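# Breakdown of the fold
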Amino acid sequence: MRQKFYLPVVVLVWLVLAVGNLLAAEEVEWCPTSIGPVTTWTAPVCGAKTWYAIPRFYFTNFKKFYDNNGDKQSVGDDTRLTQQQQMIFAAYGLSDKLELNAQVALVQNHATIGDLTANSTGWADSYLILRDCFLMEQAQAPCITGMLQLKLPTGKYQHADADKLGTDITGTGSTDLGVGLVATKKLKPVILHGDLSIFHPFEVTVDDVEVQYGNWVTYDLGAEYFIENGVNFMLEMNGFWQGKEEDDGTTVDESDVTYLQLTPGIGYTYKSFTTLLAYQMPLSGKNAFINETWIINFLVSF
């Protein structure tokens, strides 16, 4: 398990930093407009006293899941699980190098199991992020930004309603503290992005059980290719790893989670209007639902 986790992280860091150092961008001032990748962070910050917001819309089907051996299994011929999510990611520039981010999301879950059907709407867990761009992009070096991240338990995580078939659970209940690093490098007509974040969840009581979720890691690599007339193509790889959970001090078997996803997309910018359409597909995983998701993003800046 550790070998499977560390290898893509090492490859990710090497690609972003090594490629950025070996290939010099002849035109550092080249600054095309885009929303950026869906999940992969971008290193540049928005600047002092400016802000922007990105409304995001997710439409997801869960038809299969990865078991403990990483094999695909069906959720059942008589089972249908879907999710719609409306998310807003906002950023405000505290200074030219310091940026404050916030993210909130409203989730609608639907489940049909045999003759039973349930729907629920609720808030997901939220995030607050402080980002410090401590290295601006140079001819031989990428822009690098550090992140201090906090996941807040704003979603419902206990006292599930039996009639809701699990659709009313929208959060984990834990407060998670994370640190991260982002790198961005412009190599006209391509912009490369990469990030790595590590989170530690604090213990939480869920339905009278003391739960310690495993530490978790996200790692992403994204690329944008810009062509004329405001169009750009985007491709990103998104990885996730989480250690095993402990309930009342006992390790829960088959509770460690991994997955790797690929997300292609196309963006368009016309004057102040910027949007992105993407499709997220699974590559591999373990103890995780397989999600197939359509994503629509818009950018509003001030």
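Everything below is about the structure shown above.
Below, the structure is looked at part by part. For clarity, every value in this text was computed on a predicted model and none was experimentally measured. (Residues numbered from 1 in each chain as written. Predicted model: local features only at pLDDT ≥ 70, side-chain atom pairs only at ≥ 80, totals over all residues. Heavy atoms only, no water.)

## With respect to the pairing of strand E17 (residues 273–286)
Note the threshold: For two strands to pair, DSSP has to find at least two bridges joining them. Elements are defined by DSSP. Helices are runs of H or I of four residues or more, strands are runs of E of two residues or more, and each kind is numbered from the N terminus.
Relative to E17, strand E16 (residues 257–270) is paired through 11 bridges, and the arrangement is antiparallel. Each residue of the ladder has a partner; that of Gln261, found in E17, is Pro282. Connecting the antiparallel pair E16 and E17 is a turn made up of two residues, with Lys271 showing a positive phi of about 55°. Here E17 runs beside strand E18 (residues 288–301); their pairing, made up of seven bridges, is antiparallel. Residue pairing across strands places Ala278 opposite Ile295, the latter belonging to E18. Following E17, the chain reverses through one residue before pairing antiparallel with E18; Asn287 in that reversal takes a positive phi of roughly 55°.

## Some points on a negative patch on the surface
The cut-off we apply is this: Residues enter patches when they are more than 30% accessible in relative terms and free of salt bridges; like-charged ones are connected within 9 Å and nonpolar ones (Val, Leu, Ile, Met, Phe, Trp, Tyr) within 5 Å. Areas reported here follow the Shrake-Rupley algorithm with a probe of radius 1.4 Å; residue values treat only the protein chains shown as occluding. Whenever Lys or Arg places a side-chain nitrogen within 4 Å of a carboxyl oxygen from Asp or Glu, that contact is recorded as a salt bridge. Only four residue types enter the charge count, namely Lys and Arg as positive and Asp and Glu as negative; His and the chain termini do not. Note that the charge is assigned to NZ on lysines, CZ on arginines, CG on aspartates and CD on glutamates.
Taken together, the side chains of Glu203, Glu210, Glu246 and Asp248 present a region of like negative charge at the surface. For Glu246, the location among the structural elements is in strand E14 (residues 246–247).

## Digging into the packing of aromatic side chains
Quick reminder of the rule: Only centres within 6.5 Å qualify two rings of Phe, Tyr or Trp (six-membered ring in Trp) as a pair; their planes then separate them into stacked at under 30 degrees, edge-to-face at over 60, and tilted for everything else. Type-normalised accessible area, obtained with a 1.4 Å probe on protein chains alone, sets the label of each residue: buried when under 20%, exposed when over 50%, and partly exposed for intermediate values.
Tallying each qualifying case throughout the model produces 10 aromatic pairs. With a centroid separation of 6.3 Å and an interplanar angle of 75°, the aromatic rings of Phe57 and Phe298 are classed as edge-to-face. In this pair, Phe57 is assigned in strand E1 (residues 51–66) and Phe298 in strand E18, connecting sequence segments 241 residues apart. With a relative accessible area of 29%, Phe57 lands in the partly exposed category. Judged by its relative accessible area of 29%, Phe298 is partly exposed. Put simply, the rings of Phe199, Trp216, Phe240 and Tyr259 touch in pairs and so form one group of aromatic residues.

## Comments concerning the side chain of Asn101
Threshold: Side-chain atoms alone can form a polar contact between residues adjacent in sequence; in general such a contact is a pair of N or O atoms within 3.5 Å, and within protein one must be able to donate a hydrogen while the other accepts it. Working rule for contacts: check all heavy atoms of both residues, and any pair within 4.5 Å makes them a contact.
Position of Asn101 relative to the elements: it lies in strand E4 (residues 98–113). A polar contact is formed between the side chain of Asn101 and the side chain of Arg131, at a distance of 3.3 Å. With sequence-adjacent residues up to four places away left out, Asn101 is seen in contact with Trp41, Phe89, Ala90, Ala91, Tyr127, Leu128, Ile129 and Arg131.

## Things to note about the nonpolar core
Counted only if it meets this: To define a nonpolar core, start from buried Ala, Val, Leu, Ile, Met, Phe, Trp, Tyr and Cys residues and group those joined through side-chain atoms within 4.5 Å.
Counting 30 residues, the largest nonpolar core has Val38, Trp41 and Tyr52 as its most contacted members. Mapped onto this core, the elements with two or more residues apiece are E1, strand E3 (79–93), E4, strand E6 (126–135), strand E7 (143–152), strand E13 (231–242), E17 and E18. Aside from chain neighbours lying at most four places away, what touches Trp41 is Phe89, Asn101, Ile129, Arg131, Met147, Gln149, Val182, His193 and Asp195.

## A short note on the pattern of salt bridges
For the coordinates displayed, the defined rule picks out six salt bridges. Put simply, Lys156 and Asp168 hold a salt bridge, and the shortest N to O gap is 2.9 Å. Linking Lys156 in the loop between E7 and strand E8 (176–187) with Asp168 in the loop between E7 and E8, this pair joins segments that are 12 residues apart in sequence. The class for Lys156 is partly exposed, based on a relative accessible area of 34%. The residue Asp256 makes a salt bridge to Lys286 at a minimum N-O spacing of 3.0 Å. Of the two residues, Asp256 sits in the loop between strand E15 (250–251) and E16 while Lys286 sits in strand E17, which places them 30 residues apart along the sequence. The buried category is assigned to Asp256, whose relative accessible area is 6%. Linked through salt bridges whose partners overlap, the residues forming this network are Glu137, Lys185 and Lys186.

## Here's the deal with the sheet that holds strand E10 (residues 204–206)
Taking strand neighbours across the sheet as the criterion, the four strands line up as E10-E11-E14-E15 in an open arrangement whose pairing is antiparallel. Of all strands in the sheet, those with a lone pairing partner are E10 and E15, marking the two edges. Where E14 and E15 come together, two bridges link them in antiparallel fashion. Paired with Glu246 across the bridge in E15 is Thr251.

## Digging into the side chain of Thr293
Structurally, Thr293 can be placed in strand E18. Polar side-chain contacts of Thr293 include one of 2.8 Å to the side chain of Thr60. Residues contacting Thr293, with those up to four places away along its chain left out, are Tyr58, Phe59, Thr60, Ala278, Tyr279 and Gln280.

## Some words on empty space enclosed by the protein
Here is the rule: Cavity and pocket criteria rest on a 1 Å grid covering protein atoms alone: a 1.4 Å probe that fits but cannot get out defines a cavity, protein on both sides within 12 Å along at least 5 of 7 lines defines an open pocket, and an atom within 4 Å of a point defines a lining residue. Grid points are joined across faces, edges and corners, and a volume is the space filled by probe spheres set on the points. Under the convention adopted here, Pro, Cys and the residues Ala, Val, Leu, Ile, Met, Phe, Trp and Tyr are nonpolar, Asp, Glu, Lys and Arg are charged, and Gly plus all remaining residues are polar.
Scanning all chains against the criterion turns up one cavity of 30 Å³ or more. Within this model, the largest cavity holds a volume of roughly 30 Å³. Lining the largest cavity, in full, are Tyr66, Tyr259, Leu260, Gln261, Pro282, Ser284, Phe289, Ile290 and Asn291. Elements with a minimum of two residues in the lining of the largest cavity: E16, E17 and E18. Of the residues assigned to the lining of the largest cavity, the class counts are six nonpolar, three polar and no charged.

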